[in-house]
Amino acid sequence: MDLVLRGGILHDPSCNREGPMEILIRNGRVEALSPSLGPVDTPVLELAGKLVLPGLIDMHVHLREPGQEKKETIATGCAAAVAGGFTAVACMPNTSPPVDRKETVAYIKERAARADLARVYPIGALTAGLQGQELSAMTELAAAGVRGFSDDGRPVADSTLMLRALQFARVLGLPVISHCEDLSLAAGGVVHAGATGYRLGLPVIHAAAETAAVARDLLLQQEGCGYLHLAHISSRLSVSLLAWAKEAGIQFSAEVTPHHLLLTETAVDGFNTSAKMNPPLREEGDRAALCEALRNGLIDVIATDHAPHHAAEKEKDFISAPFGVSGLETAFPLLFTHLVETGIIPLSCLVDCLSTAPARILGVAGGTLAPGAPADLVVVDPRAEKQVQNEKFYSRGKNTPFHGWKLRGFPVLTLVEGDIKMCRGEVKGMSDAFIPMLESIFKEGRL
Amino acid sequence: MFLKDLFSLAHFSVAAMQEVMERARYFKDRDRNQTFKSLQGKNVAISFWEPSTRTRLSFALAVQKLGGTVIDYQPEMGSEKKGESIEDTVKTMLSLGAAALIFRSSIPGLFYEIAPHVELSFISGGEGCYQHPTQALLDIFTLQQRGVTLQGANVVMVGDILHSRVARSHFYALPAFGASLTLVAPPVFLPDALVPPGASAGFSLEEALPAADILYLLRVQKERQGVNLLPSLNAYASLYGLDQKRLALLKKDALLLHPGPMNVGTEISYEALKYLERHNPERVLFQEQVANGVYTRMAVLDLLLAGR
């Protein structure tokens, strides 16, 4: 619908715009931006000082469909996305079957179109069947519309194969997203090799399982000159390696998750399976180094690694419970409250990491509200405080270590191509209260 | 503080540990000519999902001596097997009228989440590599029975610390009674982050032995050696086994503890063990540990269950 957003504060790092701005949205695009648009012929929503940001893009989620619909579906995952202010997500290929054929890509796109909520960019398998033996049908997958390649969760152990993947993906202009883990070092581990994990007597994962793989991939990238994107970096020494690579002129991009920015291994105390994730939560020094890497630009992207699981799976004992956190519905308020309000990073940096940078790396629309851009945007309430309640998630995955946290900065309006997908927590097509909510805000003319 | 469960000595106050010692002494002193009734009419379930002889027997005996009834419950459980869930096990216990579940499991933390929500005492008989609290308590009791002053004593613990639940319980028990702890093992068994605050750690047994008041030998489990932790058990024995040469480095009155079962030839050489048994049997507390286990477990059961 056509619409004017008035009285909001725009933060758009893609064009260095920061400040009060009126936004005219027409035909799904940003038509005009001005401190004062003057009289308009469209409905107007008064935002009363709320923040207007380019729609958030999560370049690392697991939507579980096809094959694991108990954990999540594309529809529920997309509902969680727009509820959390994300207008686009890139979904990992470790479904059943994995995304290694064009039919599976088409299936995901069709399900996403039917859900009609967030944009969904499938990531294709890097190797056939995620088996790490031979390259997948990369050209076919690229033609079907994947926006990158990854064997996320089952990293490619064979270095030659990884080099070939980088070299070939370069031709296709697509990133290779590497989950950096030396599986032989990590084998059997469930928790970081730190004081808490050792005290609990749990099998550990050494930080070197990540850093050794980060180093390898950076060196392969130097040979292969592809587009290497390092997923969910978690350790201090990995950050040092990024600094070294930058110095050496190696091109790469890297991401970090909200949980690695905010939590340490102590969260697993009491055998808390909601804090079991891979890579594992590490130590305060690691956490601080990751925040610093955001600030100085060594890490480009924040991605949630949204990994929904069925409640019964996370109720198992710590060793058997699956890794992962349901992240889409908490990411922005967590980071706003704990990184921006505390002065650790400026809001512009957060928006860049959650929107502009992932759009650039994936090579997709969005990440900007410059005139002419698709009207993918989110409005955030910086003042109202709310408690995270996992039972209210749209995601089927209620697994979060942040349940009960009091946060500010919850998204209150999400638009994809000018269409309202979420309004004050109610998601289009998913919540009976959505239409009454829309009617009421347009009647009042304010959000 | 109201204690219901015993998973970890981290949650046991020094006062509670001292209380266990007092009650254990009480039971031991009166065991010959008195029967006890504190568990009369109470059912106590014992489920060991890992092989054990002495701990299981010791707990069963403790329940009987206190007048309670043992329910032997052995469901197929655990995540990998298609057995019943943790919740089902707990429900069964409650339906059987059990006041407590004494359990041993190779998987740590099985009952951690459910424990606060149910009226069933959980008492660990050893959980994976997590803790073995009654073992640590019975060790302390054994040393006290020997008249050892733990305050200021130096306990040297040697062996597979990484996989030892006994060691992890002693990280709390020994300091609670004022003893200092020195950990000795090859690095693969002793990562820095495992060493608790206040303890010291080293890789050389020869350096640690002369200052030891008590030498605690841990089991080096054969079943863990399949994964290339060490070149061989013999390689371990040659560097860390207590042989006669190393025995000579100990103070003449230093005491020896071992949680059993012992691998003679690995943590202690056959010759060293025979020498000690022949010349200084009073320095070897292995059998006393077993005997005192019953009284210590009676004390724990009495503390957690009597009056509830």
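Keep in mind the model is a prediction, meaning the values are calculated, not measured.

What counts, and at which threshold
- Residues numbered from 1 in each chain as written.
- Chains lettered and ligands numbered in written order.
- Predicted model: local features only at pLDDT ≥ 70, side-chain atom pairs only at ≥ 80, totals over all residues.
- Heavy atoms only, no water.
- Contact = heavy atoms within 4.5 Å.
- Buried area = accessible area lost by both parts, 1.4 Å probe.
- Salt bridge = Lys/Arg side-chain N within 4 Å of Asp/Glu carboxyl O.
- Polar contact = N/O pair within 3.5 Å; in protein donor to acceptor, adjacent residues only side chain to side chain.
- Nonpolar A, V, L, I, M, F, W, Y, C, P; charged D, E, K, R; others polar.
- Domains from an automatic or database assignment.
- Helix = DSSP H or I, 4+ residues; strand = E, 2+ residues; numbered from the N terminus.
- Expected span 1.5 Å × (residues − 1).
- Bend = angle between axes of the 7 residues up to and from the residue.
- Buried < 20%, exposed > 50% of the residue type's maximum accessible area, 1.4 Å probe, protein only.
- Pairing = 2+ DSSP bridges.
- Axes fitted to C-alpha atoms, helices over the stretch in contact; angles between N-to-C directions.
- Phe/Tyr/Trp six-rings, centres within 6.5 Å; stacked < 30°, edge-to-face > 60°.
- Core = buried A, V, L, I, M, F, W, Y, C linked by side-chain atoms within 4.5 Å.
- pLDDT = per-residue confidence, 0-100.
- Right-handed = clockwise from strand over helix to strand, strands pointing away.

1. Digging into the interface of chain A and chain B
Step number 1: Contact with chain A, which involves 13 residues of that partner, is made by 16 residues of chain B.
Step number 2: Counting the surface lost from both chain A and chain B, the interface buries some 1300 Å², and carbon and sulfur atoms represent 64% of this.
Step number 3: Among the residues of chain A in contact with chain B, Tyr198, Phe271 and Asp317 of chain A are the three that bury the most area, contributing 44% of the side total.
Step number 4: Viewed at the interface, chain B and chain A are joined by zero salt bridges.
Step number 5: Run the count over chain A and chain B and you get one residue pair in polar contact (both at pLDDT 80 or more).
Step number 6: In the side of chain A that touches chain B, the residues fall into seven nonpolar, four polar and two charged.

2. Some details on the domain arrangement of chain B
How big an interface is tends to be stated in terms of the accessible area lost upon association of its parts.
All names here are of chain B.
Step number 1: For chain B, the assigned domains are domain 1 (9-133 + 291-305) and domain 2 (147-284).
Step number 2: The C-alpha-based centres of domain 1 and domain 2 are spaced at 27 Å.
Step number 3: Opposite the 18 residues of domain 1 that make contact, domain 2 presents 15 residues.
Step number 4: Together, Met17, Cys129 and His132 form the three largest contributors to the area buried by domain 1 at its contact with domain 2, with a combined 38%.
Step number 5: One salt bridge in this structure joins Arg165 and Glu50, with 2.9 Å as the shortest N-O distance.
Step number 6: Summed over the shared surface of domain 1 and domain 2, the result is seven residue pairs in polar contact (both at pLDDT 80 or more).
Step number 7: Among the secondary structure elements, those contributing two or more residues to the side of domain 1 that touches domain 2 are α1 (14-30), β3 (98-105) and β4 (121-127).
Step number 8: Among the elements that line the side of domain 1 that touches domain 2, the one with the most residues is α1, at four residues.
Step number 9: Classifying every residue of the side of domain 1 that touches domain 2 by side-chain character gives eight nonpolar, six polar and four charged.

3. Brief notes about helix α10 (residues 286-305) of chain B
Side chains that are three or four residues apart share a direction in an α-helix, a result of its 3.6 residues per turn.
Residues and elements named next belong to chain B.
Step number 1: Here α10 spans 28 Å end to end across 20 residues, near enough to the 28 Å set by a 1.5 Å rise per residue.
Step number 2: Along α10, the sharpest change in direction is near 30° and occurs at Asn292.
Step number 3: Burial runs high along α10: 16 of the 20 residues are buried.
Step number 4: Looking at the residues trailing α10, positive phi occurs at Gly307, about 85°.

4. Looking at the sheet that holds strand β9 (residues 255-257) of chain B
All names here are of chain B.
Step number 1: Across the sheet, which stays open at both edges, the five strands sit in the order β7-β6-β5-β8-β9 with parallel pairing between neighbours. Edge positions in the open sheet fall to β7 (200-202) and β9, since each of these has one partner strand only. Across this sheet, the average inter-strand angle for adjacent strands is 20°, counted without regard to direction.

5. Things to note about the packing of aromatic side chains
Residues and elements named next belong to chain A.
Step number 1: Scanning all chains against the criterion turns up 16 aromatic pairs over all chains.
Step number 2: Taking 6.0 Å as the distance between ring centres and 20° as the angle between the ring planes, the aromatic pair formed by Phe332 and Phe336 counts as stacked. Of the two residues, Phe332 and Phe336 both sit in helix α12 (residues 331-340), four residues apart, roughly one turn of that helix. The two residues Phe332 and Phe336 agree in class, both being buried.

6. With respect to the nonpolar core
Step number 1: The biggest cluster of nonpolar side chains holds 212 residues, and the ones touching the most others in it are Leu230, Leu261 and Ile299 of chain A together with Phe111, Phe122 and Ile161 of chain B.
Step number 2: In terms of residues, this core owes the most to one element, α10 of chain B, which gives 10 residues.
Step number 3: Setting aside residues up to four positions removed in sequence, Ile299 of chain A forms contacts with Ile233, Val239, Leu242, Ala254, Glu255, Val256, Leu290, Ala293 and Leu294 of chain A.
Step number 4: Counting 25 residues, the second largest nonpolar core, distinct from the first, contains Met21, Ala375, Leu438 and Ile441 of chain A.

7. So, the sheet that holds strand β11 (residues 176-178) of chain A
Residue and element names in this part refer to chain A.
Step number 1: Read across the sheet, six strands follow the order β9-β10-β11-β14-β15-β16 without closing on themselves; strand pairing throughout is parallel. Each having just a single partner strand, β9 (124-125) and β16 (301-302) make up the two edges of the open sheet.
Step number 2: As paired strands, β11 and strand β14 (residues 228-230) are joined by three bridges and run parallel to one another. Opposite Ser178, over in β14, you have Leu230 as the bridge partner.

8. Side note on the side chain of Asp31 of chain B
Residue and element names in this part refer to chain B.
Step number 1: By the element assignment, Asp31 lies in the loop between α1 and β1 (43-48).
Step number 2: Within polar-contact distance, the side chain of Asp31 engages the side chain of Tyr295 at 2.7 Å.
Step number 3: Here Asp31 is in contact with Phe36, Lys65 and Tyr295, once residues within four sequence places are set aside.

9. Quick look at the domain arrangement of chain A
All names here are of chain A.
Step number 1: On domain assignment, one finds that chain A holds domain 1 (3-52 + 374-444) and domain 2 (55-362).
Step number 2: Using only C-alpha atoms to locate each centre, domain 1 and domain 2 end up separated by 26 Å.
Step number 3: Contact residues are listed per partner, giving 40 residues for domain 1 and 49 residues for domain 2.
Step number 4: Carbon and sulfur atoms supply 65% of the area that domain 1 and domain 2 bury against each other, a total of about 3400 Å² over both sides.
Step number 5: Applying the counting rule to domain 1 against domain 2 returns five salt bridges.
Step number 6: Two residues, Arg119 and Asp376, come together in a salt bridge whose shortest N-O distance is 2.6 Å.
Step number 7: At the junction of domain 1 and domain 2, the tally comes to 17 residue pairs in polar contact (both at pLDDT 80 or more).

10. Side note on the confidence of the model for chain B
Step number 1: A residue-level look at chain B finds 94% of positions with pLDDT of 70 or above and a mean pLDDT of 92.
Step number 2: Interface confidence for the predicted complex, given as ipTM, is 0.91, next to a pTM of 0.93.

11. Things to note about the pairing of strand β8 (residues 119-122) of chain A
Residues and elements named next belong to chain A.
Step number 1: Alignment of strand β7 (residues 86-91) against β8, held across four bridges, turns out to be parallel. By the bridge assignment, Val89 is partnered in β8 with Val120.
Step number 2: Once you follow β7 into helix α2 (residues 102-115) and on to β8, the crossover reads as right-handed.

12. Observations regarding the pairing of strand β19 (residues 419-423) of chain A
Residue and element names in this part refer to chain A.
Step number 1: Burial analysis of β19 places four of its five residues in the buried class, which makes it a mostly covered element.
Step number 2: Linking strand β18 (residues 406-416) back to β19 in an antiparallel pair, the connection comprises two residues, with Glu417 at a positive phi of about 50°.
Step number 3: The pairing of β19 with strand β20 (residues 426-427) spans two bridges and is classified as antiparallel. Bridging from a neighbouring strand, Met422 pairs with Val427 of β20.
Step number 4: Hairpin remark: β19 followed by β20, antiparallel, with two residues in the connecting loop; positive phi at Arg424, about 45°.

13. Focus on unusual backbone geometry
All names here are of chain A.
Step number 1: The amide bond that connects Ser96 to the next residue, Pro97, takes the cis arrangement and shows omega of 0°.
Step number 2: Position of Pro97 relative to the elements: it lies in the loop between β7 and α2.
Step number 3: The omega torsion across Asn278 and Pro279 is 0°, close enough to zero to call that bond cis.
Step number 4: As for its placement among the helices and strands, Pro279 is situated in the loop between α9 (258-262) and α10 (284-295).
Step number 5: Residues other than glycine seldom take positive phi values, yet His232 does so here, at roughly 25°.
Step number 6: Judged by relative accessible area, His232 falls into the buried class, the value being 2%.
Step number 7: If you check the backbone angles, Phe271 has positive phi at about 55° while not being a glycine.
Step number 8: Along the chain, the position of Phe271 falls in the loop between α9 and α10.

14. Remarks on the environment of Val82 of chain A
All names here are of chain A.
Step number 1: Inspection of the secondary structure assignment puts Val82 in helix α1 (residues 74-83).
Step number 2: A sequence separation of 333 residues divides Val82 from Leu415, and the C-alpha atoms of the two residues are 8.2 Å apart.
Step number 3: Those residues in contact with Val82, other than ones at most four positions away along the chain, are Leu117, Ala118, Thr414, Lys421, Met422 and Val427.

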